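Listed below, chain by chain, are the residues.
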Amino acid sequence: MTETNYSRLLPLEPSQDLFDFAEHYFHDTNTLVMRCEYINNPLTGLKEKYVRCKCTACGESFLCDYVAGGLCSPYCNEYGFFNHRTQENITSHQATLCPECGAPVKAISISRMYSDGYNLGCKTFVEVCKIENMLCIVSWRVYKNVDKSGTVSIGSYPFEAYIADGKKIIRCVAYRHYFLSISRLKGWEQRKRYDDVLCEIDESCLLPFGQEVLNGTSCENSKLDLFAKGNERLIVSYLRLWQKRPNIENLVMQGQSELVNEALKKAKTATSYYTNWRGSTAVKGLDLKKAKPHEILGLTKEEYREATEKHLTLELICTYKKYKEYDINVKLSDTQRIYSLFKYAFDEFVETGESLITACNYLVRQQQKYPEHKSICNARTLLDFWNLCKKRKMDLNVKDKYPQNLAAKHDQLVALIKFEENQELIKKFKARSEQLEPFAFADEDTGLMIFACRSEKDLINEGNKLNHCVATYAQRHAEGKTAIFFIRHISDPETPFFTLELNKETYYVRQNRGKCNCDRTPEVQAFEEKWLEYLKTNKIGKENKNGKCNDESGTKSNVA
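Structure report, in brief. A quick note: this is a predicted structure, and the numbers were derived from the prediction, not measured.

Turning to the pattern of salt bridges, a few remarks are in order. Under the defined criterion, the tally for this structure stands at 23 salt bridges. Across the salt bridge formed by glutamate 505 and lysine 504, the nearest N and O atoms sit 3.4 Å from each other. When salt bridges with common partners are traced through the structure, they connect Arg513, Asp519, Arg520 and Glu528 into a single cluster.

This brings us to helix α8 (residues 301-309). Inspection of α8 places Glu303, Tyr304 and Ala307 among the buried residues, and these make up the whole buried set. Taken around the axis of α8, the buried residues stretch over an arc of 100°, which confines them to a single face. Among the exposed residues of α8, those oriented more than 90 degrees off its buried face are Glu302 and Glu309. Next to the buried residues of α8 lie α7 (293-296) and α9 (314-326). Once α8 ends, the next one or two residues include histidine 311, with phi positive near 55°.

A few words on the packing of aromatic side chains. Tallied over the full model, the rule gives 23 aromatic pairs. Centroid distance tyrosine 25 to phenylalanine 125: 5.3 Å. Interplanar angle 85°. Geometry classified as edge-to-face. In this pair, tyrosine 25 sits in helix α1 (residues 16-25) while phenylalanine 125 sits in strand β8 (residues 118-131), placing the two residues 100 residues apart along the sequence. What links up through ring pairs into an aromatic cluster is the set Tyr323, Tyr326, Phe342, Phe346, Phe349, Tyr362, Trp386 and Tyr402. The ring of phenylalanine 159 has arginine 141 lying over it, and the distance from NZ or CZ to the ring centre is 5.9 Å. Seen from the ring of tyrosine 157, arginine 184 lies directly overhead, with NZ or CZ sitting 3.9 Å from the centre.

Attention shifts here to the sheet that holds β8. Strand order across the open sheet formed by five strands is β8-β9-β10-β11-β12, with antiparallel pairing between neighbours. Strand pairing shows two members of the sheet lacking a second neighbour, β8 and β12 (182-190), which therefore form its edges. Taken pair by pair, the neighbouring strands of this sheet meet at an average axis angle of 25°, ignoring direction. Bridging between strand β11 (residues 168-177) and β12 involves five bridges; their strand directions are antiparallel. Of the residues in β12, the one forming a bridge with cysteine 172 is glutamine 190. Contacts from α1 reach β8, β9 (134-146) and β10 (152-165), with the element oriented near 145° to β8. Strands β8, β9, β10 and β11 of the sheet are contacted by helix α4 (residues 235-244), whose axis makes an angle of about 150° with β11.

The next thing to look at is the sheet that holds strand β3 (residues 61-68). Across the sheet, seven strands lie side by side as β5-β4-β3-β2-β1-β7-β6; this open sheet has mixed pairing. In this open sheet, the two strands that pair with only one neighbour each are β5 (88-91) and β6 (95-97). With strand direction ignored, the average angle separating the axes of adjacent strands in the sheet is 50°. Two elements, strand β2 (residues 47-55) and β3, share five bridges in a ladder whose sense is antiparallel. From the neighbouring strand, tyrosine 50 faces β3, where its bridge partner is aspartate 65.

The next subject is the pairing of strand β14 (residues 448-452). Buried residues dominate β14, accounting for five of its five residues. Along β14, one buried face is formed by Leu448, Ile450 and Ala452 and the opposite face, lined by Met449 and Phe451, is buried too. What sits between strand β13 (residues 441-443) and β14 in their antiparallel hairpin is a turn of four residues, with glycine 447 showing a positive phi close to 75°. For β14 and strand β15 (residues 483-489), the ladder comprises five bridges, and the chain directions are antiparallel. For methionine 449, the partnering residue across the bridge sits in β15 and is arginine 488.

What counts, and at which threshold
- Residues numbered from 1 in each chain as written.
- Predicted model: local features only at pLDDT ≥ 70, side-chain atom pairs only at ≥ 80, totals over all residues.
- Heavy atoms only, no water.
- Salt bridge = Lys/Arg side-chain N within 4 Å of Asp/Glu carboxyl O.
- Buried < 20%, exposed > 50% of the residue type's maximum accessible area, 1.4 Å probe, protein only.
- Helix = DSSP H or I, 4+ residues; strand = E, 2+ residues; numbered from the N terminus.
- Arc of directions from axis to C-beta.
- Contact = heavy atoms within 4.5 Å.
- Phe/Tyr/Trp six-rings, centres within 6.5 Å; stacked < 30°, edge-to-face > 60°.
- Lys NZ or Arg CZ within 6 Å of the ring centre and 35° of its normal.
- Pairing = 2+ DSSP bridges.
- Axes fitted to C-alpha atoms, helices over the stretch in contact; angles between N-to-C directions.

Interpretation note: all reported values are geometric properties and have no functional meaning in isolation.
As structure tokens, this is what we get:
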């Protein structure tokens, strides 16, 4: 038994109907071919430059005044003409109106054309036909060209073809991919694997067809003619899905082609590569093991009727089913407003266990009652409010969970927690300052002094004045994970000079930086060495045998 060579069955030229259809599509694509000529002026007897234009819309050829440089630029090698209808200078590749007929055209100079002319447009057109009782979806690349004489021609070459034979689809192509290019073949070539490379087809590029094309083929009951009526239809993917799950036609017969197309798009975009979806029946949102339309969508008859009347998308229908699974009180009519409020917060809301309808109705009332807070009266604000209450260990009853003014209550709680955190930080800084007070030191020889940071405000001021990032050490300093000290001149103790970070357990200076993170000067280096010697000699910050810290030293005269 020999295998059928499907590539030999396909035509090499499109039908005349497709040519007429494509010609109508390119009807408004016209150009004005410009050619520079020397014409003898009868008044002067001298030859002068003119531009001869030929319009592809009206077919008229006429002379126009020559303009040097196209757009009146004397430094441009282009040329153009003066359009008396629009009162402007026109250069090559510029859109304008034909001076004779007024049709929209694009001016093209013959110097900008290739030897075979200029391409006015190229588009993929698709026709569905019947070849030897097999349904074929054939695409053609149709182009419109104009040559240097202004003659317009429409040509085509084959592109993609899909042949439905029984329960399979065979893909044929008329091109070959290379690393950085595509070359056209002389005929069709059959591919071993099916891929829907054709993707979305607009109604404007699909030659209209009816049930008579499907009759007598294995796809006679596919309702492909009904599904194809619309923009961006995945007709090849639909046909492949129908071959595996014929009951998909029940949705199409009920006018739900848009839902089916939406499901196919999601199935294709869910793969690693957009074009590699090969007709899997795992289409999200559709239960293709069912037969009735409402069962395929997972809805009751009443819900299906309501969804049809409101023209809900498949995404909203799937969202409704997810909401209803969580809260049985959710109705189809509530889906849109719940989706707008909980689109990015539903998964987090599920963890709270609260009623979805109760929260949604509350937020809607808040938006109506406080229109000035409409932008922040959403699920994210409500969840944040509950988290803040949980952080402060507040026991909330039903009334407290839904305050009269959510925005105001939320802001008050944020301000309160921030105040409490600031107060806690202030206490930590104060305790840390007292702990590091014995580390203070002054040296008359170098004229410098050092003392520990006392507050976050001082730390921020230090960073601003010296242009470095010491302010980011606030939390670590307050919690005792590091120790920040300020080096000042004794004569000017309020002006930041150098900032030092110390590991007080080992007396190791982690860093000592001045303005813009500059390194130590010799005087600062000498002062640092004296200070460290003072700390080590007196064991400042170390515990003695009694378990007490050596906060007092015998050299109090050197302490600032």
